[in-house]
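Commentary on secondary and tertiary structure
The chain contents come next:
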Amino acid sequence: MTEFWEENFIKKQEMWGFDPARSALFTKDFFVKKNIKNVLIPGIGYGRNAQIFRESGMTVTGIEISKTAIELAKKHYGTDMTIYHGSVLDMPFDQKKYDGIFCYALIHLLDRNERAKLISDCYKQLSEGGYLFFTSITKEAQSYGQGKAIGKDRFEMFGGVQLFFYDRETIQEDFCNAGLFEIAEIKEDSYPFYLIKCHKK
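From a predicted model like this one, the values you see are computed outputs, not experimental measurements. (Residues numbered from 1 in each chain as written. Predicted model: local features only at pLDDT ≥ 70, side-chain atom pairs only at ≥ 80, totals over all residues. Heavy atoms only, no water.)

1. Comments concerning the overall build of the chain
When you go through the chain residue by residue, the secondary structure sums to six helices and 10 strands. For 201 residues, the compact-globule estimate of 2.2 N^0.38 gives 17 Å, and the chain sits close to it at 16 Å. Referenced to the eigenvectors of the C-alpha coordinate spread, the extents of the chain come out at roughly 45 × 40 × 30 Å. Looking at the chain as a whole, 52% of its 201 residues are labelled buried. In the chain, 63% of the contacts between residues at least 6 apart in sequence involve partners at least 24 apart. Accessible surface, the chain as shown: approximately 9900 Å² in total, 48% of it carbon and sulfur. The positive charge centre, built from 27 side chains, and the negative charge centre, built from 28, are 3 Å apart in the chain. (Helix = DSSP H or I, 4+ residues; strand = E, 2+ residues; numbered from the N terminus. Rg over C-alpha atoms; globule rule 2.2 N^0.38 Å. Buried < 20%, exposed > 50% of the residue type's maximum accessible area, 1.4 Å probe, protein only. Contact = heavy atoms within 4.5 Å. Areas by Shrake-Rupley, 256 points an atom, 1.4 Å probe, with all protein chains shown as cover. Lys, Arg positive; Asp, Glu negative; His and termini not counted. Charge placed at Lys NZ, Arg CZ, Asp CG, Glu CD.)

Right, dumping it as structure tokens:
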């Protein structure tokens, strides 16, 4: 996984451009309404989804597996944002509690045990009353079922990337202990995604 993403960021640099994802905009608006002050973004990449939270007055901390992506984030958004270098599977990187956690298009890259660990680790780092938002590709995507099947609803494609495709049932299974309160549908670059919303009461 480290080599795959490092190679991609070296070759393609700012491969998704600088506009934030639609789900990041929705999450930012929700976090503003809930007066969220500090946000953790596991899999922050080069920071395109982080900046809108910062511009809204939130402190952002990131986790990123690619050194090149971290260097790009510093180049474009400055050096005052803490980004831990490492895999999200090695969380926690600090003992802080966060009011909000936003995890974009990451969980579907993991296998079942890894997904469970990430959800659990994120929930543990949430403050009481905090919010945890994940986005994931859905089984409605045209790419569902393509490539090599490596497990239930999981396929290897795009030169080695492994994708798990969620439906509402598997979201309930994975997030039932994380304060799941809403599953929204959203399009990201023509791909159907779920925006999975959890609350630590």
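2. Describing unusual backbone geometry
Residue proline 92 is reached from methionine 91 by a cis peptide bond, and omega for that bond is 5°. Along the polypeptide, proline 92 turns up in the loop between β3 (82-85) and β4 (98-103). Phi at asparagine 35 is positive, roughly 60°, even though this residue is not glycine. When you line up the elements, asparagine 35 lands in the loop between α2 (22-33) and β1 (38-42).

3. What about the sheet that holds strand β8 (residues 161-164)?
Spatially, the three strands line up as an open sheet ordered β6-β7-β8, and their pairing is antiparallel. For this open sheet the edge positions go to β6 (148-151) and β8, each flanked by a neighbour on one side alone. If you compare each strand with its neighbour and ignore which way they point, the axes differ by 35° on average. (Pairing = 2+ DSSP bridges. Axes fitted to C-alpha atoms, helices over the stretch in contact; angles between N-to-C directions.)

4. Remarks on the pattern of salt bridges
Tallied over the full model, the rule gives nine salt bridges. When the shortest N-O distance is used, the salt bridge between lysine 28 and aspartate 29 registers 2.8 Å. Looking at aspartate 29, the relative accessible area reads 38%, which means it is partly exposed. Measuring nitrogen to oxygen at the nearest pair gives 3.2 Å for the salt bridge that ties glutamate 185 to arginine 168. (Salt bridge = Lys/Arg side-chain N within 4 Å of Asp/Glu carboxyl O.)

5. Focus: the state of the cysteines
According to the stated counting rule, one finds zero disulfides in the structure shown. With no disulfide of its own, cysteine 122 lies closest to cysteine 103 among cysteine sulfurs, the gap being 5.5 Å. We classify cysteine 122 as buried; its relative accessible area is 0%. You can see cysteine 176 has no disulfide; the closest cysteine sulfur is in cysteine 198, sitting 10.0 Å from it. For cysteine 176, a relative accessible area of 48% gives the class partly exposed. (Disulfide = S-S within 2.5 Å.)

6. Some words on the sheet that holds β4
For sheets, the rule is that strands pair by backbone hydrogen bonds, running either parallel or antiparallel. As summarised here, the arrangement of the seven strands in space is β3-β2-β1-β4-β5-β10-β9, forming an open sheet in which the pairing is mixed. Because the sheet does not close on itself, it has two edges, and the strands there are β3 and β9 (180-188). With direction set aside, neighbouring strand axes in the sheet form an average angle of 15°. Two strands pair when backbone bridges link them, and strand β2 (residues 59-64) and β3 are joined in this way by four bridges, in the parallel orientation. Bridge pairing in β3 links threonine 61 to threonine 82. Running over the sheet, α2 touches β1, β4, β5 (126-137), β9 and β10 (191-199) and is turned about 140° from β9. On top of the sheet, helix α6 (residues 168-175) reaches β5, β9 and β10; it is set at about 135° to β9, its chief contact.

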